[in-house]
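# Observations on the model geometry
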Amino acid sequence: EPKTIEEWFSGILPEKGSINYPCQIVISISGLVVDNVVLDSCVEIWGKLDGAELATRFGVENVIFLNDITGAAWGLLSENTTTEVLNEGKKVESGPIAMLSQGTGTGEAVLLTSPSNGTKFVMTTEMWVAEFPSHTEQEWEIYEFMRKHNPEHPGVEAAATIGGNNMKMLYYYILSKKDPNVMDNPPEWKTQDVFENPNQDPLLDQVKEMYFTALGKEMAVMATKYLPSGGIYLSGGVVEANVSHVLASQQLKDEYFRLASTIPALKDYPIYVVTTPDSVTLSGGIVYAQTFLI
């Protein structure tokens, strides 16, 4: 892993002054981006990153930082993005597009089109700023369990329930029913085991059901916020690695359409599963550059 972003740049940029040296650089990065400054990068050793400062240092017109969820949302407009259909729905071409991204954490974005001039823009949020909407007795138990074992957060955000890195807490919650002290020495965990379940562990099947139920709930909540007649897109590393499981999950569909039964419009929103999340994020940088920088 490069120790600095300069080291990373030096490994991918052609020689300065050459015909292929860029005039614009757009980077999608996991982290908090405010006014083109990365305040909290996923690569902690890089520290704060200032786009304007780096543009001067590398002799280019612009270095633009996009949050990775923002980049992925722009990437939905790329012809390189591939999807599978989860719900056919009735797509409105100029309607809002919502994306729920599932990776190590969780984020969501909405891609909007101006009705006056057709200009597109993206709004993004990380799900650690949104509380998970607990309704059933079990969900409230999970809420209290997570809050107890994560005292830095007074509530339980949606990312803690459906984010890849935190899915283990659902497993530990189930184990705590038999062993209240499980968190004193929690067992090793691999998120992918939930989907592959190599040892046919019935507890992992429960985690999988709980995960997809929570995901379906969050999809419905997102749909009520953005009214995405242009489509709902599920994306991110967890989704990419488990497309067949996502498409086959009855819990995911049942929970979404259960909540949609009270708001009929939700049934009309098409739902897609992105099968190329890594490339959709990279393509988003290209789409953004073509839209705003060329």
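Residues numbered from 1 in each chain as written. Predicted model: local features only at pLDDT ≥ 70, side-chain atom pairs only at ≥ 80, totals over all residues. Heavy atoms only, no water.

### A few points about the pattern of salt bridges
On inspection of all chains with the given rule, the structure shows six salt bridges. A salt bridge links Lys217 to Glu255; the nearest nitrogen and oxygen atoms lie 3.3 Å apart. A residue pair is termed long-range when its members are at least 10 positions apart, and Lys217 in helix 8 (residues 202-226) and Glu255 in helix 11 (residues 250-260) qualify at 38 residues. A residue is classified by how much of its surface remains accessible, and Glu255, at 10% relative accessible area, is buried. If you follow the salt bridges from partner to partner, you end up with Glu6, Glu53 and Arg57 in one network. (Salt bridge = Lys/Arg side-chain N within 4 Å of Asp/Glu carboxyl O. Helix = DSSP H or I, 4+ residues; strand = E, 2+ residues; numbered from the N terminus. Buried < 20%, exposed > 50% of the residue type's maximum accessible area, 1.4 Å probe, protein only.)

### Thoughts on the packing of aromatic side chains
Per the stated rule, a full pass over the model turns up 14 aromatic pairs. Both rings, one in Phe145 and one in Tyr173, keep their centres 6.0 Å apart while their planes meet at 70°; by these two values the pair is edge-to-face. Placement of the pair is Phe145 in helix 4 (residues 137-148) and Tyr173 in helix 6 (residues 168-176), with a sequence separation of 28 residues. Comparing Phe145 with Tyr173 shows no difference in burial state: the two are buried. By the ring-pair criterion, three or more aromatic residues cluster together here, those being Trp8, Phe9, Trp46 and Phe58. (Phe/Tyr/Trp six-rings, centres within 6.5 Å; stacked < 30°, edge-to-face > 60°.)

By themselves, these observations are geometric and do not establish any function.
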